[in-house]
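# Structural description and commentary
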Amino acid sequence: MFRRPLIVFFALLAAIAFGQGTPATVKVTLPKTAKAGSTVKGIVEVTFADGMHGYQNPPTEDYMIPVKLTVDTKGFSLKPTYPK
């Protein structure tokens, strides 16, 4: 009686765990030099594994979880723009 729902539950759990196990790769391109205190523009490329995807920030629908970039180094801040 409970066997089928349990099989479905564990199949979904395995699919979620497998998908979460493949992190995105990140490539950062910055200028070779910059003056202290200046604004530096660069490019951050995020590549997802096959079958995975990310949503723009802000997302177009409420259910979408957007890609979020953060820096946890003092003295640095990000103001990302996302492709349309």
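Residues numbered from 1 in each chain as written. Predicted model: local features only at pLDDT ≥ 70, side-chain atom pairs only at ≥ 80, totals over all residues. Heavy atoms only, no water.

What follows concerns the layout of surface pockets. Roughly 1300 Å³ of volume is contained in the largest pocket. Every residue lining the largest pocket is counted, 35 residues in all, and those nearest its centre are G42, V44, L78, K79 and P80. Listed by contribution, the elements that provide at least two residues to the lining of the largest pocket are β1 (25-29) and β2 (43-47). Sorting elements by how many residues they give to the lining of the largest pocket places β2 first, with four residues. Its residues placed into classes, the lining of the largest pocket shows 19 nonpolar, eleven polar and five charged. (1 Å grid on protein atoms, 1.4 Å probe; cavity = no way out; pocket = protein on both sides within 12 Å on 5 of 7 lines; lining within 4 Å. Points joined across faces, edges and corners; volume = space filled by probe spheres on them. Helix = DSSP H or I, 4+ residues; strand = E, 2+ residues; numbered from the N terminus. Nonpolar A, V, L, I, M, F, W, Y, C, P; charged D, E, K, R; others polar.)

Turning to the pattern of salt bridges, a few remarks are in order. Under the definition given, this model contains one salt bridge. We note a salt bridge from K27 to E45, for which the minimum N-O separation is 4.0 Å. With K27 in strand β1 and E45 in strand β2, the pair connects residues that are 18 residues apart, well separated along the chain. Judged by relative accessible area, which is 39%, E45 ranks as partly exposed. (Salt bridge = Lys/Arg side-chain N within 4 Å of Asp/Glu carboxyl O. Buried < 20%, exposed > 50% of the residue type's maximum accessible area, 1.4 Å probe, protein only.)

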